[in-house]
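# Observations on chain architecture
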Amino acid sequence: ADLTHDRTAAWFTDVEGDVWRLDDGAPPRVSPALQGQRAHHIAVAGDGSVLGITRDDDIVCYGIGAESRAVDLGHRTTLRHDARRINDLALSRDGGLIAAGLGNGSAILWRRSDGARLAVLRGHDRRVSAVQFSRDDHTLVTASWDGSARLWSLRQLTRSAESLSSELQAEWGLSVRDALQQSRR
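So, here's what we can say about the structure. (Residues numbered from 1 in each chain as written. Predicted model: local features only at pLDDT ≥ 70, side-chain atom pairs only at ≥ 80, totals over all residues. Heavy atoms only, no water.)

## Some details on the environment of Gly 115
As for its placement among the helices and strands, Gly 115 is situated in the loop between strand E11 (106–111) and strand E12 (117–122). In this structure the C-alpha to C-alpha distance between Gly 115 and Thr 77, which are 38 residues apart in sequence, comes to 7.6 Å. For Gly 115, the residues in contact, after removing those within four places along its chain, are Leu 79 and Trp 110. (Helix = DSSP H or I, 4+ residues; strand = E, 2+ residues; numbered from the N terminus. Contact = heavy atoms within 4.5 Å.)

Dropping the structure here:
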C-alpha cells in the first residue's frame, strides 16, 4: 500500500493482485482502480500523478487523472524486469524516478520518461526490503534484512559527466582515465 504526500488517497492491492483506491472523506470511499493486473507491489508518486505496480515480469507506471483520480490506461510506461525479485517499489514526488529494492541486496533506479536505468545501488548484504524517496527527491533511503539502512544522494545523477570528472580530478589530482588505469595495475 502507498499514499499521496497530502494523505488524501491511498492505493493498495488485494490477495488477487487487483489495485484499489481509498479516498479520504466522510465516509471514506474504496473504489477499484486496476483489476486483473496481478500486482505484487505498488507505489504512488507523492503528488498523486503516477501509480506504479510490479507484476511477474515488469514494472508498469500509469498516469492518474488530476481531477477524477482515475488511472489512465493509455498513459503508461512499462519497464521489463524480473519483478519477482523486487521487494519494494517507490516513485519520486513527481513520478519521474522509479526505485526498486531487490532480493540480492541492491536497489535499482530508473527514469520513468524513457525507462533508462540510472543507477544500481549496492551496499547491503541481504535483501533490500524498503525503498523511499525523500520529500525533495535528492535522497533515496534503502533498508535491508541485514539490519542496515542507507541514504543515497541522487544529486549526482543530474550532473554532467564533465562536471563530475572535474570534481574528481580536483579531489584525486588525477583524471578519471588515469585513476582507472592505475586501478587496473
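## With respect to the packing of aromatic side chains
On inspection of all chains with the given rule, the structure shows 0 aromatic pairs. The cationic tip of Arg 127 hangs over the ring face of Trp 145; the distance from NZ or CZ to the ring centre is 4.3 Å. (Phe/Tyr/Trp six-rings, centres within 6.5 Å; stacked < 30°, edge-to-face > 60°. Lys NZ or Arg CZ within 6 Å of the ring centre and 35° of its normal.)

## As for the pairing of strand E5 (residues 41–44)
For E5 and strand E6 (residues 50–54), the ladder comprises 4 bridges, and the chain directions are antiparallel. When the sheet's bridge partners are listed, Ile 42 is paired in E6 with Ile 53. The antiparallel hairpin formed by E5 and E6 contains 5 residues in its connecting segment, where Gly 48 sits at a positive phi of about 80°. (Pairing = 2+ DSSP bridges.)

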